[in-house]
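Topology and contacts: notes
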Amino acid sequence: MEETIGAIKEKLQAAAVKELPSLLVQYQKDGRAGVRAAVEKAGRRLAAYEKEIARCEQLKQYEREYAAYTHICGIDEVGRGPLAGPVVAGAVILPKDCDILYINDSKKLSEKKREELYDVIMERAVSVGLGYVAPARIDEINILQATYEAMREAVSKLTVKPDLLLNDAVTIPQVDIRQVPIIKGDAKSISIGAASIVAKVTRDRLMVQYDEVYPEYGFASNKGYGARAHIDALKKYGPCPIHRRTFITHF
């Protein structure tokens, strides 16, 4: 008995992407319009998956270039620009030839995708370290020095000592490990991209918690950045303990 169009659609939609090549071969000669449409849709899904694999392979260019190093650590920070909250740095050592798909600059990913990737990275990473520098310290030493401090702390929290650091754009002072700064590294290195995601999710979750303590400023939605509602609240209520005083002088 011939399979119904609905059954074929359901099978193609439910199939794991690795099952699609054989299914496409099986149904590509079916002349029914509904089946052809389902096959074309499944073909686009397969093409997108193969494109992502190719992009992910390109993301490993630096990890392959420095493959002689045993533990390569990607480092990135989140939170240089906000008016409130800490700057957070992530340090991530991934397994050799790691195949986690969809890693990218955290700013290019949806919140849902970042959360999904965070769980995968935390599960599969060799080691993850996080560094935090509070607003008062940022005011004391400036945001650049605070960023360096957060990065050094993140590296120190790793349970495995790296022998190479791939950094997003910067060279961190007072670190005795070889460093390779990469401009826009969070979109060019799988290790830095992973660090970007871990740091972003960690900081965002922290700002949601701060929102419960200081609900006037909308930290859950703006994450401490200078959204109009945040600035209006700052003018109305004044700063709270997690505001960076050196960032809000003109408000």
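Residues numbered from 1 in each chain as written. Predicted model: local features only at pLDDT ≥ 70, side-chain atom pairs only at ≥ 80, totals over all residues. Heavy atoms only, no water.

Some words on the sheet that holds strand β1 (residues 72-78)
- Spatially, the five strands line up as an open sheet ordered β3-β2-β1-β4-β5, and their pairing is mixed. Whereas interior strands pair on both sides, the edge strands pair on one side only; in this sheet they are β3 (127-133) and β5 (179-182). Within this sheet the neighbouring strands show an average axis-to-axis angle of 20°, counted without direction.
- Bridge analysis of strand β4 (residues 164-168) against β5 gives four bridges, and the strand direction is parallel. (Pairing = 2+ DSSP bridges. Helix = DSSP H or I, 4+ residues; strand = E, 2+ residues; numbered from the N terminus. Axes fitted to C-alpha atoms, helices over the stretch in contact; angles between N-to-C directions.)

Thoughts on the side chain of E63
- Tracing the backbone through its elements, the reader meets E63 in helix α4 (residues 61-65).
- Among buried Asp, Glu, Lys and Arg side chains, E63 stands out as unpaired, with R64 the closest opposite charge at 7.8 Å.
- At a separation of 2.7 Å, a polar atom in the side chain of E63 contacts the side chain of S191. (Buried < 20%, exposed > 50% of the residue type's maximum accessible area, 1.4 Å probe, protein only. Lys, Arg positive; Asp, Glu negative; His and termini not counted. Salt bridge = Lys/Arg side-chain N within 4 Å of Asp/Glu carboxyl O. Polar contact = N/O pair within 3.5 Å; in protein donor to acceptor, adjacent residues only side chain to side chain.)

Notes on the nonpolar core
- If you look at the biggest cluster of nonpolar residues, it comprises 37 residues, and the most contacted ones within it are L12, V92, L94, I103, I121 and I197.
- Mapped onto this core, the elements with two or more residues apiece are α1 (5-14), α2 (20-27), α3 (33-59), β2 (87-93), α5 (111-124) and α8 (190-213).
- It is α3 that contributes the most residues to this core, eight residues altogether.
- Counting 34 residues, the second-largest nonpolar core is a separate cluster that includes V155, I172, F219 and L234. (Core = buried A, V, L, I, M, F, W, Y, C linked by side-chain atoms within 4.5 Å.)

Overview of empty space enclosed by the protein
- Counted by the stated rule, this structure contains one cavity of 30 Å³ or more.
- Lining the largest cavity are E111, R114, E115, V201 and D204. (1 Å grid on protein atoms, 1.4 Å probe; cavity = no way out; pocket = protein on both sides within 12 Å on 5 of 7 lines; lining within 4 Å. Points joined across faces, edges and corners; volume = space filled by probe spheres on them.)

Considerations on the pattern of salt bridges
- Within this structure, the stated rule accounts for 19 salt bridges.
- Ionic pairing is found between R64 and E57, a salt bridge with its closest N-O pair at 2.4 Å.
- Judged by relative accessible area, R64 falls into the partly exposed class, the value being 41%.
- Since its relative accessible area comes to 32%, E57 is described here as partly exposed.
- When the shortest N-O distance is used, the salt bridge between D204 and K200 registers 3.3 Å. With a gap of four residues between them, D204 and K200 both fall in helix α8, about one helical turn apart. Both residues of the pair, D204 and K200, count as buried.
- One continuous salt-bridge network, built from bridges that share partners, spans E57, K60, R64 and D97.

Focus: α3
- With 27 residues, α3 extends 39 Å from end C-alpha to end C-alpha; this agrees with the ideal 39 Å at 1.5 Å per step.
- Those residues of α3 lying buried are G34, V35, A38, V39, A42, L46, Y49, E52, C56 and L59.
- In this structure, the buried side of α3 is in contact with α1, α2, α4 and α8. (Expected span 1.5 Å × (residues − 1). Contact = heavy atoms within 4.5 Å.)

On their own, these measurements won't tell you what the molecule is for.
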